[in-house]
Amino acid sequence: MRFPSTATIASTTTFSENIRNLFLDKAALFEGTEVPDFFDTLAKKRAELIATSGKTAVSSSLDEADRIRDVSFRNVFTALDAYLIFPNEETKAAANEISMLISKFSRSMTSKNYANQSADEERFFKTLDAASETLEKMPYMSELVAQAKADEEAFKKVNKEYTQAVAASSGDKNATVLKRELIAFMNDTLFPYLQAVNLMNKGKYDAFLKEIEVEISRQPKQPKADSQKQQPQSVSQKQEDADFQN
C-alpha cells in the first residue's frame with residue numbers, strides 16, 4: 001500500500017483529507033490504538049501544505065495582476081495611435097498634444113521589473129492628470145486611462161500581499177518539500193502502522209484498509225520515470241508548486 005510519490009500537491013491534499021474522513025467515520029474502532037494520533041499528525045501536515053500552497057497562489061495572482069495592468073496600459077497607447085489619424089481636426093490636435101506630452105514614455109515600460117514599472121506608471125499618470133481637459137477631447141480616452149490606473153492600483157495591492165507572504169514564510173519549507181514529507185509520512189509511517197495494527201487484531205481493520213486502497217487506485221496515472229527525467233528539475237518543482245491551482 002503506497003501513495004504515488006509523483007502525485008501533485010492537489011492530489012496529495014485531496015487524498016489525505018479523504019482517508020482522514022474515512023477514519024473519522026470509524027474512529028470508535030481504533031480506540032486504544034495510536035491511530036487517532038497518526039491521523040492528527042496527518043491533518044497538521046496537510047494544513048501546513050495547504051497554507052504554503054496558498055502563498056504560491058498569491059504569487060500566481062501577482063503575475064495575473066501584472067498581465068492585466070500591462071494590457072490596460074498598452075491600450076492607452078493603442079487608442080492614442082488611433083486618435084493621431086482620427087478624421088477630426090480637434091481630436092487629432094488633442095492626440096498630438098498628448099503624444100508630445102508623454103513622449104518620454106512608451107509601451108516598453110511593461111517589460112521592466114515590477115518596481116520600476118510601477119514607478120514609471122505613476123509618473124505617466126501624473127503627466128496625464130495635468131492634461132485632463134485635453135484627454136476629454138478624445139472620446140473614451142479618459143476612461144481608458146482610469147482603467148489603467150485602477151489596474152495599477154490592483155497590482156500594487158496584490159504585490160503588497162505577496163511581499164507580506166514572502167516575509168511571513170521566510171525560512172519556511174516550500175510546498176514541494178512539504179508535499180514530499182506528507183507522502184513519506186503516509187507511506188513510511190501511517191500505512192505500515194495501520195497494517196501492523198490490523199495484523200495484531202486478526203484483520204479487524206480489513207475493510208478500512210481496503211477503502212484506503214480504493215482511494216489510492218483512484219489516483220491519476222503518472223508519466224513514466226524516463227519521461228520525467230527529461231524535464232529539468234527546476235521546471236518540475238515549479239510545476240508542482242503550481243499544481244495546487246489546477
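Parameters and conventions
- Residues numbered from 1 in each chain as written.
- Predicted model: local features only at pLDDT ≥ 70, side-chain atom pairs only at ≥ 80, totals over all residues.
- Heavy atoms only, no water.
- Salt bridge = Lys/Arg side-chain N within 4 Å of Asp/Glu carboxyl O.
- Buried < 20%, exposed > 50% of the residue type's maximum accessible area, 1.4 Å probe, protein only.
- Helix = DSSP H or I, 4+ residues; strand = E, 2+ residues; numbered from the N terminus.
- Phe/Tyr/Trp six-rings, centres within 6.5 Å; stacked < 30°, edge-to-face > 60°.
- Lys NZ or Arg CZ within 6 Å of the ring centre and 35° of its normal.
- Polar contact = N/O pair within 3.5 Å; in protein donor to acceptor, adjacent residues only side chain to side chain.
- Core = buried A, V, L, I, M, F, W, Y, C linked by side-chain atoms within 4.5 Å.
- Contact = heavy atoms within 4.5 Å.

Enquirer: Before we go on, may I ask you to explain the pattern of salt bridges in this structure?
Expert: Between side chains of opposite charge, a pair can form as their charged atoms come close. This model, assessed by the stated rule, comprises 14 salt bridges. Ionic pairing is found between aspartate 120 and lysine 112, a salt bridge with its closest N-O pair at 2.5 Å. The class of aspartate 120 is buried, set by a relative accessible area of 9%. Exposure remark for lysine 112: the relative accessible area of 40% places this residue in the partly exposed category. With its nearest N and O atoms 2.9 Å apart, the salt bridge here joins glutamate 161 to lysine 157. You can see glutamate 161 and its partner lysine 157 sitting in helix H6 (residues 141-168), four residues apart, about one turn around the helix. Accessibility expressed as a relative area gives 53% for lysine 157, which makes it exposed. Three or more residues are tied together by salt bridges with common partners; here these are Asp66, Arg69 and Glu152.

Enquirer: Is there a simple way to explain the packing of aromatic side chains in this structure?
Expert: The description of two aromatic rings rests on the distance between their centres and on the angle between their planes. Evaluated as defined, the whole model comprises 16 aromatic pairs. Ring geometry for phenylalanine 105 and phenylalanine 124: centres 5.4 Å apart, planes at 80°, overall edge-to-face. Residue phenylalanine 105 is found in the loop between helix H3 (89-101) and helix H4 (114-129), and its partner phenylalanine 124 is found in helix H4; the two are separated by 19 residues along the sequence. Assigned by exposure class, phenylalanine 105 and phenylalanine 124 land together as buried. Ring pairs connect the aromatic residues Phe23, Phe30, Phe39, Tyr205 and Phe208, which therefore count as one cluster. The positively charged end of arginine 69 is found above the aromatic ring belonging to phenylalanine 155, 3.6 Å away from the centroid.

Enquirer: What exactly am I supposed to notice about the side chain of threonine 13 here?
Expert: Mapped onto the elements of the fold, threonine 13 is located in helix H1 (residues 9-25). A relative accessible area of 4% means that threonine 13 is categorised as buried. Of note is the side chain of threonine 13, whose polar atom sits 2.9 Å from the backbone oxygen of alanine 10.

Enquirer: I tried to follow unusual backbone geometry on my own but got confused; where do I start?
Expert: Its identity as a non-glycine residue notwithstanding, tyrosine 140 has a phi of 70°, on the positive side. Position of tyrosine 140 relative to the elements: it lies in the loop between helix H5 (132-135) and H6. Positive phi, close to 55°, is recorded for lysine 202, a residue that is not glycine. Looking at the secondary structure, you find lysine 202 in the loop between helix H7 (175-200) and helix H8 (206-217).

Enquirer: How should the nonpolar core be read in this particular structure?
Expert: Considering soluble globular proteins, one finds that nonpolar side chains tend to be buried as a cluster. Core analysis: the biggest nonpolar cluster contains 28 residues, and Ile19, Phe39, Met186, Leu190, Phe191 and Leu194 have the highest contact counts within it. Among the elements of the structure, H1, helix H2 (35-83), H7 and H8 are those that each provide at least two residues to this core. Looking at which element gives the most residues to this core, the answer is H7, with 10 residues. Beyond its immediate chain neighbours, meaning those up to four positions away, leucine 194 contacts Phe30, Val35, Phe39, Phe208, Leu209 and Ile212. Ala94, Ala131, Met141 and Ala148 belong to the second-largest nonpolar core, a separate cluster that totals 21 residues.

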